[in-house]
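Single-letter residue listing:
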Amino acid sequence: MSRPGPSPASTAPEQAMLQVKDLVKAYRADGATSWAVRHVDLRVDRGEFVAIMGPSGAGKSTLLHLLGGLDRPDSGQIWLDGRRVDDLPESRWAVLRRRSIGFVFQFSNLVSNMTAADNVELPALLAGTPPRQARERREELLTELGLEHKARSTPAALSGGEQQRVALARALINEPSLLLADEPTGSLDSRNTRDVLRLLSRCHERGQTILLVTHDARVASTADRVISLFDGEIADDSAVSLPANGGGTVADVVQLKG
Amino acid sequence: MRAVLRWEFADLRAHRGQAALMVLVTAVITVSLILANALLQNAGNPWQRTFGQSNGAHLWLHVRPGVDTAPLARLDGVAAVAGPYRTAPSTLVRSAEKVPLELRAVGPALPKVSRPLMRSGRWLDPSVSNGVVLESSFARSMWAAAGDSVTVRGLDGATHTMRVLGVADTADQGAYPNWTPGLGWVLPSTLGRIEPDPSHTAQTVGLRLRDPATTDFTAQQAVTALGSDQVTMVSTWQQVRSSMNLDNRLLGLLLAVFGLVALLAAALAVAGAAGSRVLAQVRDIAMLKAVGFTPAQLVRMFLYEHSALAVVGIVLGTAAASGIGPLLPSPLGEAMTFWQAQPDHLGALLATGVGAVLTIALATALPAWRAGRVPAVPTVRADRPVRRMSLLARLALLLRLPPALVLGARDAFYRPLRAGLTIARLAIPMLMITVALGSWATLDGFRDHPERVGLAATLTAKPSGIDAASASRLLSRQAGVAAAYPGVELQALVPGQTTTITVRGLGTVARPYPFALAEGRGIQDTDEAVAGQGALDQMHVKVGQWVRVMTGGTPRILHIVGRSIEPDHNGEMLSVGMEALEGPVGLPQPQYYALVLRPGASPSGVRAGLLAASHNQLDVQLTTNPADQLGAVRGVVIGLVVVLALIGLAELVTATGSGLRDHIRDLAVLRAMGLTPRQVTAVIVTSTSLLTTVAVLAGTAVGVLVSDRLINLQGHASGVGAGIAQMPPLGTLLLAGTIAVVVAACVSVVPAARATRARVTTALSQF
Amino acid sequence: MRLALLALLAKEPAHGYELKQALEQTFGAAYPQPNIGQIYVTLSRLEQNGLIQGQDVNQSRRPNKRVYEITEAGREALAGWVAEPTEGPRVRDEFFMKLVLAPATGVTDRLALINKQRRHYLNIMRGLSRLAAAEDRNNRVAQLLIEGAMLHLQADLDWLERCQEELD
């Protein structure tokens, strides 16, 4: 995890990390069609940290699954690192996911019958990394996340926050180009949320491209950019910065009386 | 690859119990398949060995004395000729036993074709004028060994003391007493002394063919060449072999059929367990896909895992069979020992193992393919459509039935398709157990109701030294004898003249013998006959047709009016009234009397009484009951029931596991609602027990039907005749079913208790 | 601020500058503190109402300072204030009116309004996060204040989402 430093975001379209054109995905249930993703265009540059917000049912998770190849779009194109990926067969997607994409979900991120250490090493072994190297990287990551003493525990013995941190370690072990996270703090209390957020920020500082879905404003505000998804369409796409007047204090929200 | 292995080891470690059960089931199946294989192989082996070593003759013909047998050597396909040898019928007397013995005159040199294989003692010696070499099965049943003295009585009644010079194996005829008369070799001079009248002797010729498959054709040609009225008996190597190996072959076939079906049932169980594992791990599989496993990798993973378990089970089973097999009681132990001595037994072992692995791999293919198709999106489980409580359930609650019962019933049949599949899978072992019980009941039927399977006469009395009139007087006076039917057995050539069948005159038209009729009706006229299935097959006729047979040179035209069940002689028996066999000298003398005893009379008591009353001039024997020889089948049935019970247990464990998984959320909700843990456990146990009950009922019902069909089919095929099948007694079926349901309840209690003890919050939060 | 000063004086007498320091220590950088002038004005009002009593203290090398202490009436007023449930509007909102009436004005459409407001909220949230990180971890009061603000902000954002769903 030692990259030289955040690389400047490139503007040339061929060098975007992720490019999406006119993505459509619909679900048919009981005769009615509901649009999960409607003609979405998106571009994420290398090193960007993007958050996707929106009411539930707006299609945020579906979009993330489409970008990670876990689901197939009905139409549209996806380019990952300059390569067209939306028409890849499932097995090629799986190979792509091993090296280039890290996934963190809201629940049950870990394989239930393997220890935390095995869980973290799994993508590395899959990608063909020699076992010794995989083990070294795993130890490095777990130590950095403060979980070295829990390496031999099964997921059932870990708390929610610990599980998410292990999941994060697993997602990062192959130094993926893109980290996709679906409500990674959704089931955590505020302290664990803070810890996971801190980790994500640190990854971002080292140049990791992150795309995460959240309904938590605090998580979203950590990102560089927030995309609002509403009814399957992008309603807003803007950068996050500190308030102009040097504000952003409690007084902007709450006035203490008395 | 490493990732795959890592996951597989973790998975096996997490499901140790299930894996062990699968290995056990596979091992047991393998053992039974190997034993069946050994028995089947052994079935052909003793004959094969003997025939090969003795340079056996494929075809034996008995012809009248004086017939020129030279044309036989010139027949197409004949490689060598044994004989012709003069033969004479005689009786061997040994203590109180008098048994028929055919003496064959063979020169002092050992014959080249069909050479007797000396087991003990030595061959005929010209210096010993009264020497005889006995065939080994005959010698064994007579307790005669080399060096003993035996008394042989000729047709004229004169007795001769003979010395048993040796005991030899031969492939000329079947084992005594299945095949009578027994065989003994003597010097021509000895034969001349015992039977001085040439007209009482016969000739026997053996033909060794170049191609064994042409035996029937050659037989036909031989009879034609010599003239059908000159040939009294024809026997082929197939008849000899089947006679020698009757018991083992039946046993082996039974085992093989059941073993194969058990393998199928085990494959189903494995498939079920694998499928249920896939369902249980849907989350994990989705995660693996998200991490980067390709669907093909997932499919391979499942296949390897289950195939590996199967291989372990097969290796264990093979080791157990090879090590413990020879130590089992015979015939299994004997068969295993022989089989292991065969050069190609390793090949057969390998073939069995590979076959079993392939079957299990095939069974796992579908669940493995489904594992590959699990969607990568880790969805929260879709809610089942909520159904309001049915009218039945509401009624039950109104009647104040315990809530556990009502909820359990509702749970069990909530998803009809799933419930149906579970019931089907549980019903199959039950079905097979019922068939096994049916076999047992059939054997019991042989024992308890012999008259229903053609064995109405418990005793057979042979007059020796008294005439027919005094014999029948003695018999009718004997207490305990309900009826005595005179009988005579002759060999007859069938149309097509390729072989001979036995024509039995038994009873008279006025007092017909109570044959066990499966079809048609009994004999009511002098030209009517009932035939066994084997005879019908051999003559290629059906009930209602007319046949022409030759008995002792006299053609007879008979109308087959019924099919009887004939457990002897492979069912190749045509039965007529004594009048039908009337010849130029009148009615034939009865060779024996079939005695039907009064109910409650003791066979041994009646026998003793008759022997005393007739001063040993009546030779009284118990009729052989095939059930006695098939005693080993009972052991096989027990073994099979055990195997099937194991398979059923495996299926139960799978069904319980998947049932629990389906309802674990409901359980938590129930507990949160206020049901005590014990009540919740009761719900699960009720649900499993109900499913098992339905499965037991279905399996038993279908099993009774199938058992009937199968056993009758087997009877038809073996010539005994369809109609022997007995239904398993209701009490046994009820007991088996009850045990199954109780076991199901017990199996489900432990995991149910464990599931309900899990914290409510953790269970709910999982979803 | 009146009751906060009363409460501080109920603990011990103090002068204006000490009171300012006490307030700053309690809330830290999380909440902007009133300047000394506002404090003196509030103190004199309280004295006028008889809730506190001031006393000038002569200092040798410094200007005189006025030390205040709470009176009996002041303690009563304080007790009354603490005992009563706190009333009054929880939220003061100017945005909802804009949102509801904006289309009629023809100046801008609802979606643009909502997006702009959301961006504003997110920026504030970012500021609050930074504040929380900068503030001393052990100053529980300050951290709680910041967290309270964040929770209100989250509620506002959720309300915004609901408006977006329902009002178009």
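Residues numbered from 1 in each chain as written. Chains lettered and ligands numbered in written order. Predicted model: local features only at pLDDT ≥ 70, side-chain atom pairs only at ≥ 80, totals over all residues.

S.K.: What should I look at first to understand the overall build of chain C in this one?
M.R.: When helices and strands are tallied, chain C shows seven helices and three strands. Counting from the amino terminus, helix and strand elements in chain C follow one another as α-β-α-α-β-β-α-α-α-α. Taken over 168 residues, chain C has a buried fraction of 22%. Of all intrachain contacts in chain C linking residues separated by at least 6 positions in sequence, the fraction that spans at least 24 positions is 53%. (Helix = DSSP H or I, 4+ residues; strand = E, 2+ residues; numbered from the N terminus. Buried ≥ 20, exposed ≤ 12 C-beta atoms within 10 Å, placed from the backbone. Contact = placed C-beta atoms within 7 Å.)

S.K.: How should the overall build of chain B be read in this particular structure?
M.R.: Within chain B one finds 23 helices and 20 strands. Put simply, chain B has 767 residues, and 48% of those count as buried. Pairs at least 24 apart in sequence give 83% of the contacts found in chain B among residues at least 6 apart.

S.K.: How should I be thinking about the interface of chain C and chain A in this particular structure?
M.R.: When the parts of a complex come together, some accessible area is lost, and that lost area is often taken as the interface size. Residue-level contacts link 32 residues of chain C with 26 residues of chain A. The set of elements that each furnish at least two residues to the side of chain C that touches chain A consists of α1 (2-11), α6 (110-134) and α7 (140-166) of chain C. Here the side of chain C that touches chain A gets 15 residues from one element, more than from any other, and that element is α6(C). Residue composition of the side of chain C that touches chain A, by class: 18 nonpolar, eight polar and six charged. (Nonpolar A, V, L, I, M, F, W, Y, C, P; charged D, E, K, R; others polar.)

S.K.: Looking at this model, I keep getting lost on the sheet that holds strand β2 (residues 32-44) of chain A. Mind explaining?
M.R.: Each strand in a sheet pairs with its neighbour through backbone hydrogen bonds, running either in the same direction (parallel) or in the opposite one (antiparallel). Residue and element names in this part refer to chain A. One open sheet holds the four strands; their spatial order is β2-β1-β4-β5, and the pairing between them is antiparallel. Edge positions in the open sheet fall to β2 and β5 (83-84), since each of these has one partner strand only. Both strand β4 (residues 75-80) and β5 contribute to a ladder of two bridges, which runs antiparallel. Residue Trp79 lies in a different strand from β5, and its bridge partner there is Arg84. (Pairing = 2+ DSSP bridges.)

S.K.: Help me understand helix α3 (residues 116-126) of chain A in this model?
M.R.: Residues spaced three or four apart along an α-helix point in a common direction, a consequence of the helix completing one turn every 3.6 residues. Extensive coverage of α3(A) is indicated by the burial of eleven of its eleven residues. Within the sequence span of α3(A), burial applies to Ala116(A), Ala117(A), Asp118(A), Asn119(A), Val120(A), Glu121(A), Leu122(A), Pro123(A), Ala124(A), Leu125(A) and Leu126(A). Considering only its buried residues, α3(A) is in contact with α2 (90-100), α4 (131-144) and α5 (160-172) of chain A together with α1 (2-14) and α9 (282-291) of chain B. Positive backbone phi, at 95 degrees, marks Gly128(A), one or two positions downstream of α3(A).

S.K.: Explain the UniProt feature "transmembrane region" (unreviewed entry) in chain B to me, please; I cannot follow it from the model alone.
M.R.: Residues and elements named next belong to chain B. The UniProt record marks residues 20-40, 250-274, 308-328, 348-369, 421-443, 636-660, 680-707 and 727-750 with the feature "transmembrane region" (unreviewed entry), using the residue numbering of this structure. With 100% helix and 0% strand, residues 636-660 has end C-alpha atoms that lie 36 Å from one another. In residues 680-707, the share of helix is 100% and the share of strand is 0%. The end C-alpha atoms are 39 Å apart. (UniProt positions renumbered as here; feature names shortened; annotations may be inferred.)

S.K.: When you look at the nonpolar core in this model, what are you seeing that I'm missing?
M.R.: One recurring pattern in soluble globular proteins is that nonpolar side chains are buried together. Residue and element names in this part refer to chain B. Grouped together as the largest cluster of nonpolar side chains are 173 residues, with contacts concentrated most on Val25, Ala262, Ala266, Val270 and Ile647. Broken down by element, this core gets its largest block of residues, 14 residues, from helix α2 (residues 16-54). Apart from the residues lying within four places of it in its own chain, the contact partners of Ala266 are Val25, Thr26, Ile29 and Ile647. (Core = buried A, V, L, I, M, F, W, Y, C linked by C-beta atoms within 7 Å.)

S.K.: I'm lost on the sheet that holds strand β3 (residues 65-70) of chain C in this one. Help?
M.R.: Residues and elements named next belong to chain C. If you trace the three strands from one edge of the open sheet to the other, you get β1-β3-β2, paired in antiparallel fashion. Looking along the sheet, the strands with just one partner apiece sit at the ends: β1 (14-15) and β2 (52-57). Relative to β3, β2 runs antiparallel, the two being bridged by six bridges. Counterpart to Ile52 in the pairing with β3 is Ile70.

S.K.: Help me understand the interface of chain A and chain B in this model?
M.R.: Tallying the contact residues gives 23 residues for chain A and 22 residues for chain B. Only α2 and α3 of chain A provide two or more residues apiece to the side of chain A that touches chain B. With six residues, α2(A) is the largest single contributor of residues to the side of chain A that touches chain B. Looking at the side of chain A that touches chain B, its residues break down into twelve nonpolar, six polar and five charged.

S.K.: What's the story with the packing of helix α15 (residues 416-448) of chain B against helix α21 (residues 677-718) of chain B in this structure? I'm lost.
M.R.: When two helices pack together, their arrangement is given by the angle between their axes and by how far apart the axes lie. All names here are of chain B. It is the contact of α15 with α21, at a shortest axis distance of 6 Å, that shows an interaxial angle of 40 degrees. Classified by the angle between their axes, α15 and α21 sit oblique to one another. Once α15 is placed against α21, the crossing between them reads as right-handed. Residues belonging to the contact of α15 with α21 are distributed by class as follows: 18 nonpolar, ten polar and no charged. (Axes fitted to C-alpha atoms, helices over the stretch in contact; angles between N-to-C directions. Parallel < 35°, antiparallel > 145°, perpendicular 65-115°, else oblique. Left-handed = near helix turned anticlockwise from the far one by under 90°.)

S.K.: I would appreciate a short explanation of the pairing of strand β13 (residues 500-506) of chain B in the present structure.
M.R.: A regular strand carries its side chains on alternate faces of the sheet. Residue and element names in this part refer to chain B. Here β13 lies mainly inside the structure; six of its seven residues are buried. Where strand β12 (residues 481-493) lies against β13, seven bridges are found, and the strand directions are antiparallel. When the bridges of β13 are listed, Ala492 appears paired with Ile501. Sheet topology places β13 next to strand β18 (residues 573-576); four bridges connect them, and they run parallel. Each residue of the ladder has a partner; that of Gly505, found in β18, is Val576.

S.K.: I keep staring at the pairing of strand β17 (residues 554-564) of chain B and nothing clicks. Help me out?
M.R.: Residue and element names in this part refer to chain B. Taken together, the three bridges between strand β14 (residues 517-520) and β17 define a ladder with antiparallel strand orientation. Bridged to Gly520 within β17 is Gly562. Looking at chain direction, strand β15 (residues 528-532) and β17 are connected through five bridges and run parallel. Bridging across to β17, Ala531 finds its partner in Arg563. Sheet topology note: the strand β16 (residues 546-551)/β17 ladder contains six bridges and is antiparallel. Bridged to Trp546 within β17 is His559. Hairpin geometry of β16 and β17 is characterised by an intervening segment of two residues between the two adjacent antiparallel strands and by a positive phi of about 50 degrees at Gly552.

S.K.: Which parts of the structure should I look at to understand the packing of α1(C) against helix α4 (residues 72-83) of chain C?
M.R.: Residue and element names in this part refer to chain C. Interhelical geometry of α1 versus α4 gives an angle of 120 degrees and a closest axis separation of 10 Å. On the basis of the axis angle, α1 is oblique to α4. In the crossing of α1 with α4, the sense of the turn from one axis to the other is left-handed. On α4, the residues touching Leu3, Leu6, Ala7 and Ala10 of α1 are Gly74, Arg75, Ala77, Leu78 and Trp81.

S.K.: What exactly am I supposed to notice about unusual backbone geometry here?
M.R.: Glycine aside, a negative phi is what most residues show, and trans is what most peptide bonds show. With omega at 5 degrees, the peptide bond leading from Gly83(B) into Pro84(B) counts as cis. Along the chain, the position of Pro84(B) falls in strand β2 (residues 78-94). A positive phi angle is found at Glu175(A), which is not glycine, with a value near 50 degrees. Following the sequence through the fold, Glu175(A) ends up in the loop between α5 and β7 (178-182). Although it is not a glycine, His540(B) adopts a positive phi angle of roughly 55 degrees. Topologically, His540(B) is positioned in the loop between α17 (533-539) and β16. Given 11 C-beta atoms within 10 Å, His540(B) falls into the exposed group.

S.K.: I would appreciate a short explanation of the environment of Gly520(B) in the present structure.
M.R.: Residues and elements named next belong to chain B. Looking at where Gly520 falls in the secondary structure, it is placed in strand β14. Gly520 sits in the partly exposed class, given 16 other C-beta atoms within 10 Å. Sequence separation between Gly520 and Ile560 is 40 residues; the distance between their C-alpha atoms is 8.9 Å. When neighbours within four sequence positions are excluded, Gly520 is seen to be in contact with Val543, Val561, Gly562 and Arg563.

S.K.: Explain the environment of Phe302(B) here, please?
M.R.: Residues and elements named next belong to chain B. Residue placement: Phe302 occurs in helix α10 (residues 295-324). Along the chain, Phe302 and Ala365 lie 63 residues apart, while their C-alpha atoms are 8.5 Å from each other. Not counting residues within four places of it along the chain, the set of residues in contact with Phe302 comprises Ala274, Thr364, Pro367, Ala368 and Ala371.

S.K.: Whenever I open this one, the confidence of the model for chain C confuses me. Can you help?
M.R.: If pLDDT is low for a region, its predicted coordinates should not be looked at in detail. Taken residue by residue, chain C gives an average pLDDT of 86. The fraction at 70 or more is 99%. This complex was scored by the predictor with a pTM of 0.63 and an ipTM of 0.80. (pLDDT = per-residue confidence, 0-100.)

S.K.: Help me out: how do you make sense of helix α3 (residues 36-48) of chain C in this one?
M.R.: Here α3(C) contains 13 residues, and its C-alpha end-to-end distance of 18 Å stays within 8% of the 18 Å for a straight helix at 1.5 Å per residue. Positive phi appears at Gly50(C), one or two residues downstream of α3(C), with a value of about 80 degrees. (Expected span 1.5 Å × (residues − 1).)

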